[in-house]
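Tertiary structure, described
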Amino acid sequence: MYRFLLTRQWVILTLFAIALIPTMAWLGFWQLHRHDHRQALNQVIEASLAAPPVPVQSLTSVGGEVAHDDIYRRVTAEGHFDTAHELVVRRRTNADDRVGYHVLTPFVTNDGKVLLVNRGWVPSPTSQSAFPKIPAPPSGDLTVTGRLMQDQTTAASGIKNVKGLPDRQIMLINSEQVGALLRDRGLPSASAVLGGYVELTAPAPEGGSPEPVPSPKEDTSWIGVDDINLPYAIQWWLFAACVPVGWLILVRRELRDRTGRAQEEPAREESAPAAV
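These notes cover the structure that comes with them.

Conventions adopted
Residues numbered from 1 in each chain as written. Predicted model: local features only at pLDDT ≥ 70, side-chain atom pairs only at ≥ 80, totals over all residues. Heavy atoms only, no water. Helix = DSSP H or I, 4+ residues; strand = E, 2+ residues; numbered from the N terminus. Buried < 20%, exposed > 50% of the residue type's maximum accessible area, 1.4 Å probe, protein only. Arc of directions from axis to C-beta. Contact = heavy atoms within 4.5 Å. Polar contact = N/O pair within 3.5 Å; in protein donor to acceptor, adjacent residues only side chain to side chain. Patch = residues over 30% accessible without salt bridge, like charges linked within 9 Å, V, L, I, M, F, W, Y side chains within 5 Å. Areas by Shrake-Rupley, 256 points an atom, 1.4 Å probe, with all protein chains shown as cover. Salt bridge = Lys/Arg side-chain N within 4 Å of Asp/Glu carboxyl O. Phe/Tyr/Trp six-rings, centres within 6.5 Å; stacked < 30°, edge-to-face > 60°. Lys NZ or Arg CZ within 6 Å of the ring centre and 35° of its normal. Core = buried A, V, L, I, M, F, W, Y, C linked by side-chain atoms within 4.5 Å. 1 Å grid on protein atoms, 1.4 Å probe; cavity = no way out; pocket = protein on both sides within 12 Å on 5 of 7 lines; lining within 4 Å. Points joined across faces, edges and corners; volume = space filled by probe spheres on them. Nonpolar A, V, L, I, M, F, W, Y, C, P; charged D, E, K, R; others polar.

**Remarks on the overall build of the chain**
- Tallying secondary structure elements over the chain gives 4 helices and 8 strands in all.
- Start at the N end of the chain and walk to the C end: the helices and strands fall as α-β-β-β-β-β-β-α-β-α-β-α.
- Dimensions along the principal axes, computed over C-alpha positions, put the chain at roughly 115 × 40 × 35 Å.
- Relative to its full complement of 276 residues, the chain shows a buried share of 37%.

So this is what it looks like as structure tokens:
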């Protein structure tokens, strides 16, 4: 009765179904892992944004790394901006998804160290090789406040670190790489670059330019606590459960069709006219 399951077509279909079940189950656990990771990250971000500002050098150091639990922590620094060595970071979007640049300005602290400050977004000029017009930051000594971030890498961001870019343009904000670039450009204090960088929140730019980088809670691209990974995990597990059910439905349908054809054969033979 079930010998049709040994036909080539059904063997291939069965093997395909068997392969789908663990694959979909694995995808469900992968989405669950992403859900757990995002939940943990959300907790870190919310705690950091709620914490009071601290001096930046209490959380990072020259050549050091920003700890995972310290990302988005509000920090302060005293010193002055060095616009002569300002850089722009290519292919960054603003709140309206317009593509432009992030403005990366070295901030020389009062003790001679360099803190990389992302002052925000500016639109791209007509020519991709031209340096954009950037409003100047406040001059003289001041105190800046911002969100502490880890160095960007290709592995973490997915952004390819393209070489051979126009002068003063970079792809990733990486304190080690930017420090080497600034030293090549003749900035003596670039030998003491603090690890990570800061997204500037204060003082606010005059006229709203550069546009400040939004915090995660202001950024519509940030999914937040109610993320979609858990529903995706459940969806993949439901798909995995549907595979054997679907296979059984197909088998029963095939069996019903074959039984029906077998019953029709004698009827056709009896109704056929006798040979003369």
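**Examining helix H3 (residues 175–184)**
- Buried residues of H3: Ser 175, Val 178, Gly 179 and Leu 182, and no others. Here the buried residues of H3 occupy an arc of 105° about the axis, which is enough to place them on one side. Looking at H3, the residues exposed on the side facing more than 90 degrees away from the buried face are Glu 176 and Asp 184.
- Check the buried side of H3 and you find it contacts strand E3 (87–93), strand E4 (99–109), strand E5 (114–123) and strand E7 (169–170).
- At the N-terminal boundary of H3, the capping side chain belongs to Asn 174, with an oxygen 3.2 Å from the backbone nitrogen of Glu 176.
- In the stretch just after H3, Gly 186 is the one whose phi turns positive, near 90°.

**Quick word on a nonpolar patch on the surface**
- On the surface, a nonpolar cluster with roughly 270 Å² of combined accessible area is contributed by Val 11, Leu 15 and Ile 18.
- Examined against the element boundaries, Val 11 turns out to sit in helix H1 (residues 8–50).
- A relative accessible area of 34% places Val 11 in the partly exposed class.

**Quick look at the environment of Arg 256**
- Residue placement: Arg 256 occurs in helix H4 (residues 229–271).
- Given the relative accessible area of 53%, Arg 256 is considered exposed.
- Note: C-alpha distance between Arg 256 and Val 66 (190 residues apart in sequence) is 66 Å.

**Examining unusual backbone geometry**
- Omega for the bond connecting Ala 202 with Pro 203 falls within 30 degrees of zero, at 5°, which places this linkage in the cis form.
- Among the structural elements, Pro 203 can be located in the loop between strand E8 (197–202) and H4.
- Omega for the bond connecting Ser 209 with Pro 210 falls within 30 degrees of zero, at 0°, which places this linkage in the cis form.
- If you trace the backbone, Pro 210 turns up in the loop between E8 and H4.

**Section: the packing of aromatic side chains**
- One pass over the structure, following the stated rule, counts 5 aromatic pairs.
- For the ring pair Phe 4 and Trp 10, a centre distance of 5.5 Å and an interplane angle of 70° mean the geometry is edge-to-face. The pair formed by Phe 4 and Trp 10 is uniform in burial state, with each residue classed as buried.
- Looking at Arg 168, its charged tip hangs above the ring of Phe 131, at a distance of 3.9 Å from the centre.

**Some points on the nonpolar core**
- Judged by nonpolar contacts, the single largest core of 35 residues is most densely connected at Leu 104, Phe 107, Leu 115 and Leu 116.
- Secondary structure elements with two or more residues in this core: H1, strand E2 (74–81), E3, E4, E5, strand E6 (142–149), H3 and E8.
- Non-local contacts of Leu 104, meaning those with residues more than four positions away in its chain, are made with Glu 86, Leu 87, Val 89, Leu 116, Val 117, Asn 118, Ile 170, Ile 173 and Val 178.
- Residues Val 88, Tyr 101, Val 103 and Ile 134 belong to the second largest nonpolar core, which totals 5 residues.

**Comments concerning the layout of surface pockets**
- Of the volumes computed, that of the second largest pocket is approximately 290 Å³.
- Forming the walls of the second largest pocket are 17 residues, and the residues nearest its centre are Asn 161, Lys 163, Gln 169, Ile 170 and Leu 181.
- Taken together, the elements giving at least two residues each to the lining of the second largest pocket come down to E7 and H3.
- Classifying every residue of the lining of the second largest pocket gives 9 nonpolar, 4 polar and 4 charged.

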